[in-house]
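Here is how the chains run, residue by residue.
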Amino acid sequence: MAIHNTSYRFPGSTAGRVAFAFSLAFGALSFAPTTASAEVTLADIIRNLQQNEELYENIEIAMQETYDIGDRKPEGFEFSGRKGSEISHKQSETRCVSQGKWFRIDRKGVSKNAKRAFSLDRFRAFDGEKTRVFEQNAIANISDERLEDSTFIRPHMLAIRYMDLPIPFSVYLSGHEAIRKHPLAQWSESLTLDVSYEGEDTLANLTCHRVFVMVRTKSGHVSSRVEFWLAEERNYLPIKRYLFSPSKSKTIPIGESTMSDLREIKPGIWMPFDTTVKAFDRFAVRDEGRQKLRWKQQYVVERAELDPKYDRSFFSNMELPDGAAVYQLEDRKIVRSWRQGGPKAKGAPTTAAGFQKWWILWVNVAVVLLLVAIFVVRKMTVTGGNVKQ
């Protein structure tokens, strides 16, 4: 079973990547409004955002990530006839190196529910020709194209990293058409994403630009509303985010994100070393008019350095233990499969030499179902079961 190029997603989720060429030498120009006299528009904001995102293209980041539901009891659920328990705690360490066209991501961690712990270990790297992935210490893919997933660390996306969208923030704010047209995107045609610019504001003594995102169904019903504050003097980082579910409350958020400990890692380039995301019980918001913590996720950057310089071999080497299931893909189709330490074979693993043991397939299926269940429960918590915002 091949590993998909993105994290496990559902209708309405998106994935993809857009690159915009912009010289680092002119990065400081983007900190000022596009025009001195003309009224600022959403297009101006997105253009400045794109230019600032380019400043982080060559960077190495080491980050700690924690997720916790507090002292409440984990809830059970049923998915596709299988019963399970909500993930109550996650902790991981991620090292992300982006260097020109190459990248490498190493993650070590564990998630826990009421019964057991699960590995979050993942390796993903692209050396300019092939993407290599090793998942759950059991399954590896080798693909003939660049494939990213949500473990890729983008500073501007930390406020909504929990959504598992492997795309630049500027693509997200460009609206559903820009997302849908991206070659790696998955977008529900039953939804529309409307983005609007709501003017300037001051937050934490910084000039911020407010941008609203409205998710609507075909009938025009507003499923969710997200409000962002983009700090102009801090590379348009979204230092504050509120998530509203209008059917629960139009004034009390059911989710929020805050970027803090902003540090200048190079003149004119800022990094949020602490980002906290909170989700609140939507029924407490609706019925009691108060925010009751549902879960909390925190991203603490331990190290951020610009312009890493590694040899290509750093992005090519993937160490695999004997017995790992390996799939070679071309045009996203399996062309060879083998078990590490055994012979290579053409075609699907169920007919390939060395793959007669069905436990490999069952392990793959179990991993997928587990991750699907985890994200279903978490995202229904945040969105009221409708839209991943």
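Everything numeric in this text was worked out from a predicted model, so none of it was measured. (Residues numbered from 1 in each chain as written. Predicted model: local features only at pLDDT ≥ 70, side-chain atom pairs only at ≥ 80, totals over all residues. Heavy atoms only, no water.)

(A) Layout of the packing of aromatic side chains. All told, the structure shown has 13 aromatic pairs when counted by the stated rule. Judged by centre distance (6.2 Å) and plane angle (20°), the rings of F169 and Y172 are stacked. Taken as a pair, F169 and Y172 lie in helix α2 (residues 169-173) at a separation of three residues, close to a single helical turn. Given the relative accessible area of 0%, F169 is considered buried. Counting every residue linked through ring pairs, the aromatic cluster contains W102, Y310, F314 and F315. Across the ring face of Y67, the terminal group of K90 is positioned such that the distance to the ring centre comes to 5.7 Å. (Phe/Tyr/Trp six-rings, centres within 6.5 Å; stacked < 30°, edge-to-face > 60°. Helix = DSSP H or I, 4+ residues; strand = E, 2+ residues; numbered from the N terminus. Buried < 20%, exposed > 50% of the residue type's maximum accessible area, 1.4 Å probe, protein only. Lys NZ or Arg CZ within 6 Å of the ring centre and 35° of its normal.)

(B) View of the pattern of salt bridges. Summed over the entire model, instances satisfying the criterion amount to 25 salt bridges. Note that R332 and E145 form a salt bridge whose closest N and O atoms lie 2.8 Å from each other. Separated by 187 residues along the polypeptide, R332 in the loop between β17 (325-330) and β18 (333-339) and E145 in the loop between β9 (139-143) and α2 bring together distant segments of the chain. Classification of R332 by relative accessible area gives partly exposed; the value is 43%. For E145, a relative accessible area of 23% gives the class partly exposed. Close ionic contact of R286 with D287 constitutes a salt bridge, the shortest N to O distance being 2.8 Å. By relative accessible area, D287 is classed as exposed at 52%. A cluster of three or more residues bridged by salt bridges with shared partners is formed by R122, R124, E135 and D149. (Salt bridge = Lys/Arg side-chain N within 4 Å of Asp/Glu carboxyl O.)

(C) Representation of the confidence of the model for the chain. Averaged over every residue, the pLDDT of the chain is 82; residues scoring 70 or more account for 77%. Across residues 3-37, confidence stays below pLDDT 50; counting only partners more than four residues off in sequence or on other chains, it has 100 contacts. In this model residues 348-389 is a low-confidence stretch, pLDDT under 50, and it forms 94 contacts with partners more than four residues away in sequence or in other chains. (pLDDT = per-residue confidence, 0-100. Contact = heavy atoms within 4.5 Å.)

(D) Molecular detail of unusual backbone geometry. In this structure, Y236 is a non-glycine residue whose phi angle is positive, near 60°. For Y236, the position within the fold is in the loop between β12 (222-231) and β13 (237-244). Y236 sits in the buried class, given a relative accessible area of 0%. One non-glycine residue, D307, lies in positive phi territory at about 55°. The class for D307 is partly exposed, based on a relative accessible area of 37%.

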